[in-house]
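Fold and contact review
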Amino acid sequence: MDGFLLSRADRTLRTSGSRDQYRGIDAAAEALARRDVPLVVGALPFDPCGPAALTAPETAVFTTGPWRPEAVPTLPAVRVAERLPAPEEHLRRVAVLVDRLRAGELDKVVAARSVILEADHPIRPWSLLARLVDGDPHGNGFGVDLTPAGDDYTGHALVGASPELLLERTGREVRCFPLAGTAPRRADPEADHAEGQALLASAKNRIEHAYVTDRIREVLGPVCTELSVPDAPELVSTRQVWHLATPIRGLLRDPAPSALELARLLHPTPAVGGTPFAASLDAIRATEEPRRFYGGAAGWCDADGDGVWVVAIRCAEVDADGLRLRAWAGGGIVAASDPDSELAETTTKLGTLLGALGVS
Ligand SMILES: C=C(O[C@H]1C=CC=C(C(=O)O)[C@@H]1O)C(=O)O
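Residues numbered from 1 in each chain as written. Predicted model: local features only at pLDDT ≥ 70, side-chain atom pairs only at ≥ 80, totals over all residues. Heavy atoms only, no water.

An unreviewed UniProt entry lists the chain under the name isochorismate synthase, with Rhodococcus spelaei given as the organism.

Pasting the structure below:
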């Protein structure tokens with residue numbers, strides 16, 4: 001995928017070309033701090049020990065509002081080749097995690113699974129991205145070339161439509177919009193409204209959500225002079241799901257960390273990881289196949305330190321030949337979670353990618 005795109009309701013950044021590439025956050029942050037490059041775009045992996053895919057682009061254009069692609073192409077036919085893990089194995093893994101949560105070993109952990117898809121003809125990441133942005137009510141979408149992360153990622157792209165803002169830094173202001181807690185949308189408006197209200201009232205989902213806001217408060221507190229975290233979450237929706245969301249705003253202390261440094265501090269939040277931080281990360285590493293860039297972050301940071309990073313969810317990795325894709329979805333597990341509902345939630349979330357690909 002030549003270039004990078006981050007589309008959000010208020011603004012879109014599209015870049016092309018590459019002046020430099022970085023596998024490590026430090027190297028990119030230093031190049032920005034020295035003003036060797038004006039901008040870095042790309043993705044951070046889920047596992048903080050993994051390689052990043054960061055690029056200093058040749059050209060960059062900001063436009064107001066979401067990306068409006070010239071055309072929304074029809075995509076080649078795609079079929080599910082494999083579920084990794086199989087749904088029964090995901091159920092088993094979640095049940096084991098629930099036992100560990102009930103035993104008090106962990107407070108929250110996100111369990112994820114993936115679907116491997118094969119296409120008849122190559123799928124262009126830009127075409128898939130156009131479909132995702134077109135299908136998202138807020139115009140959310142991101143596309144990242146993963147080549148800078150090394151041989152295992154050469155020519156691969158990460159494409160998705162994330163509703164979750166990890167952070168946006170503008171001068172001294174930092175904003176986050178964490179999501180956790182999910183219910184499916186319904187075709188019938190009354191039933192749909194009732195799902196949203198039930199989610200807002202659900203003690204289990206509020207607990208799941210509070211682990212995320214607590215962690216953000218813990219991380220941002222020391223680097224902020226002011227921090228506002230509302231006591232209660234609000235509802236947001238995509239076409240597939242309702243979520244609990246909390247708009248967080250802080251004023252950064254001087255010298256303010258850059259958006260890239262803030263992404264490193266905040267990621268992975270318990271929206272994709274868990275609580276306690278290290279134990280949940282260990283549990284995910286021991287339980288799941290590597291998540292690669294799913295559950296990571298996608299975004300940009302400029303030489304002034306401003307930038308935007310979204311949580312890399314509702315996404316797929318497209319192989320270099322465009323014939324194979326892998327889409328992921330996960331869900332937060334707490335002691336009160338039920339494995340069957342968790343499996344159903346990942347199926348609903350996978351609907352973002354599978355719907356755009358025309359797979360039912
Ligand atoms: C981890 C995912 O979603 C996160 C974001 C919103 C709600 C979530 C939940 O309810 O579990 C997850 O924390 C995913 O979509 O793969």
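1. A few points about the packing of aromatic side chains
Note on aromatic pairs: each is described by the distance of the centres and the angle between the planes. What the rule picks out here adds up to 4 aromatic pairs. Taken together, a centroid distance of 5.0 Å and an interplanar angle of 65° make the contact between Phe 62 and Trp 300 edge-to-face. Of the two residues, Phe 62 sits in strand β6 (residues 59-64) while Trp 300 sits in strand β19 (residues 297-302), which places them 238 residues apart along the sequence. A residue is classified by how much of its surface remains accessible, and Trp 300, at 4% relative accessible area, is buried. Measuring from centroid to centroid gives 5.8 Å for Trp 67 and Trp 126, while their planes differ by 65°, and the two rings are edge-to-face. Residue Trp 67 is located in the loop between β6 and β7 (78-84), and its partner Trp 126 is located in helix α3 (residues 125-135); the two are separated by 59 residues in the primary sequence. Classification of Trp 126 by relative accessible area gives buried; the value is 11%. Seen from the ring of Trp 126, Arg 14 lies directly overhead, with NZ or CZ sitting 4.2 Å from the centre. The residue whose ring lies beneath Arg 291 is Phe 46, and the NZ or CZ to ring-centre distance is 4.3 Å. (Phe/Tyr/Trp six-rings, centres within 6.5 Å; stacked < 30°, edge-to-face > 60°. Helix = DSSP H or I, 4+ residues; strand = E, 2+ residues; numbered from the N terminus. Buried < 20%, exposed > 50% of the residue type's maximum accessible area, 1.4 Å probe, protein only. Lys NZ or Arg CZ within 6 Å of the ring centre and 35° of its normal.)

2. Re helix α5 (residues 203-220)
The end-to-end C-alpha distance of α5 is 25 Å, a good match for the 26 Å that 18 residues give at a rise of 1.5 Å each. Taken as a whole, α5 has its buried residues at Asn 205, Glu 208, His 209, Val 212, Thr 213, Arg 215, Ile 216, Val 219 and Leu 220. (Expected span 1.5 Å × (residues − 1).)

3. Points about the UniProt feature "domain: Chorismate-utilising enzyme C-terminal" (unreviewed entry) in the chain
When the UniProt feature table is mapped onto this chain, "domain: Chorismate-utilising enzyme C-terminal" (unreviewed entry) is found at residues 88-349. Across residues 88-349 one finds 33% helix and 32% strand; the C-alpha atoms that close the span lie 18 Å apart. (UniProt positions renumbered as here; feature names shortened; annotations may be inferred.)

4. With respect to the site of the ligand
Neighbouring the ligand are 17 residues; Thr 182, Ala 271, Tyr 294, Arg 314 and Gly 332 lie closest to it. One nitrogen or oxygen atom from the side chain of Thr 182 is found 2.5 Å from an oxygen atom belonging to the ligand. A distance of 2.7 Å is found between an oxygen atom of the ligand and a backbone nitrogen or oxygen belonging to Gly 332. Burial of the ligand by the protein chains amounts to 100% of its free accessible area of 390 Å². (Near = heavy atom within 4 Å. Polar contact = N/O pair within 3.5 Å; in protein donor to acceptor, adjacent residues only side chain to side chain. Areas by Shrake-Rupley, 256 points an atom, 1.4 Å probe, with all protein chains shown as cover.)

5. Comments concerning the sheet that holds strand β5 (residues 53-56)
With antiparallel pairing, the 9 strands of this open sheet are ordered in space as β3-β5-β4-β19-β20-β11-β12-β17-β14. Strands at the two margins of the open sheet, each flanked by one partner only, are β3 (20-22) and β14 (224-228). Averaged over all pairs of adjacent strands, the angle between their axes in this sheet comes to 15°, without regard to strand direction. Docked against the sheet, helix α6 (residues 259-266) engages β4 (39-44), β11 (165-170), β12 (173-177), β17 (248-252), β19 and β20 (307-311), running at close to 150° with respect to β11. (Pairing = 2+ DSSP bridges. Axes fitted to C-alpha atoms, helices over the stretch in contact; angles between N-to-C directions. Contact = heavy atoms within 4.5 Å.)

6. Description of the pattern of salt bridges
Under the counting rule described, the total for this entry stands at 26 salt bridges. With a shortest N-O distance of 2.9 Å, Glu 168 and Arg 175 are connected by a salt bridge. Look at Arg 175 and you get partly exposed, because its relative accessible area is 32%. (Salt bridge = Lys/Arg side-chain N within 4 Å of Asp/Glu carboxyl O.)

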